[in-house]
Amino acid sequence: MDYDQILELLKKFRDQRGWTKFHNLKDLAISTNLEASEVLEIFQWRDANKPLNATEKKHLQDELADTMIYLIYMFDKLGVDPGDAIKEKVQYNQSRHWPKIDQK
Ligand SMILES: [Mg+2]
């Protein structure tokens, strides 16, 4: 599934439920962080060397998707393509952190 298909799926899900009115940047930012906290909760008090079992992997997958869904709604609200934003940020990071690589 490419990004345009994902965005269409998410917008359809949101619009079918009349949730567009709740999707302002502030509330989307809060929701993004709440979902990211659910990712953290999976690892709270857990031995970092203990592998995840199948159920825990599925739980992590679901919470990562929840987090990404809100990020996608935020990028859409900004009118920014996430791929462009990531590319731009990586180029900036490469120019800033050792070893510095000029991408021009
Ligand atoms: Mg969740």
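This text goes with the structure placed above it.
Residues numbered from 1 in each chain as written. Predicted model: local features only at pLDDT ≥ 70, side-chain atom pairs only at ≥ 80, totals over all residues. Heavy atoms only, no water.

A. Spotlight on the packing of helix α1 (residues 3–16) against helix α3 (residues 54–78). Here α1 crosses α3 at 95 degrees, and the two axes come no closer than 11 Å. Judged on the interaxial angle alone, α3 and α1 are roughly perpendicular. Where α1 abuts α3, its residues Tyr3, Ile6, Leu7, Leu10, Lys11, Phe13 and Arg14 lie against Ile69, Ile72, Tyr73, Phe75 and Asp76. Here the contact of α1 with α3 is composed, by residue class, of nine nonpolar, no polar and three charged. (Axes fitted to C-alpha atoms, helices over the stretch in contact; angles between N-to-C directions. Helix = DSSP H or I, 4+ residues; strand = E, 2+ residues; numbered from the N terminus. Parallel < 35°, antiparallel > 145°, perpendicular 65-115°, else oblique. Contact = heavy atoms within 4.5 Å. Nonpolar A, V, L, I, M, F, W, Y, C, P; charged D, E, K, R; others polar.)

B. Spotlight on the coordination of the magnesium ion. Looking at the magnesium ion, the protein donor atoms are Glu35 (OE), Glu38 (OE), Glu63 (OE) and Asp66 (OD), and they sit 2.1 to 2.2 Å from it. For the magnesium ion, the single-chain donor residues occur in sequence as E-x2-E-x24-E-x2-D. Of this pair, Glu38 sits in helix α2 (residues 25–43) while Glu63 sits in helix α3, and the two are 25 residues apart along the sequence. The class for Glu38 is partly exposed, based on a relative accessible area of 28%. (Donors = N, O, S within 2.8 Å, 3.2 Å for Na, K, Ca; no water. Buried < 20%, exposed > 50% of the residue type's maximum accessible area, 1.4 Å probe, protein only.)

C. Structural view of the packing of aromatic side chains. Overall, the coordinates contain two aromatic pairs when judged by the stated rule. Residues Phe13 and Trp19 carry aromatic rings whose centres are separated by 5.5 Å and whose planes lie at 75 degrees to one another, so their mutual orientation is edge-to-face. You can call Trp19 partly exposed: its relative accessible area is 36%. Both rings, one in Tyr70 and one in Tyr73, keep their centres 6.5 Å apart while their planes meet at 55 degrees; by these two values the pair is tilted. (Phe/Tyr/Trp six-rings, centres within 6.5 Å; stacked < 30°, edge-to-face > 60°.)

D. Here's a closer look at a negative patch on the surface. A cluster of acidic side chains, namely Asp2, Asp4, Glu8, Asp81, Asp84 and Glu88, defines a negative patch on the protein surface. Only α1 and α4 (82–96) provide two or more residues apiece to the negative patch. With respect to the helices and strands, Asp81 occurs in the loop between α3 and α4. Using a relative accessible area of 34% as the deciding quantity, one classes Asp81 as partly exposed. (Patch = residues over 30% accessible without salt bridge, like charges linked within 9 Å, V, L, I, M, F, W, Y side chains within 5 Å. Areas by Shrake-Rupley, 256 points an atom, 1.4 Å probe, with all protein chains shown as cover. Salt bridge = Lys/Arg side-chain N within 4 Å of Asp/Glu carboxyl O. Lys, Arg positive; Asp, Glu negative; His and termini not counted. Charge placed at Lys NZ, Arg CZ, Asp CG, Glu CD.)

E. Here's a closer look at the side chain of His23. By the element assignment, His23 lies in the loop between α1 and α2. On the basis of relative accessible area, His23 is assigned to the buried category, the value being 9%.

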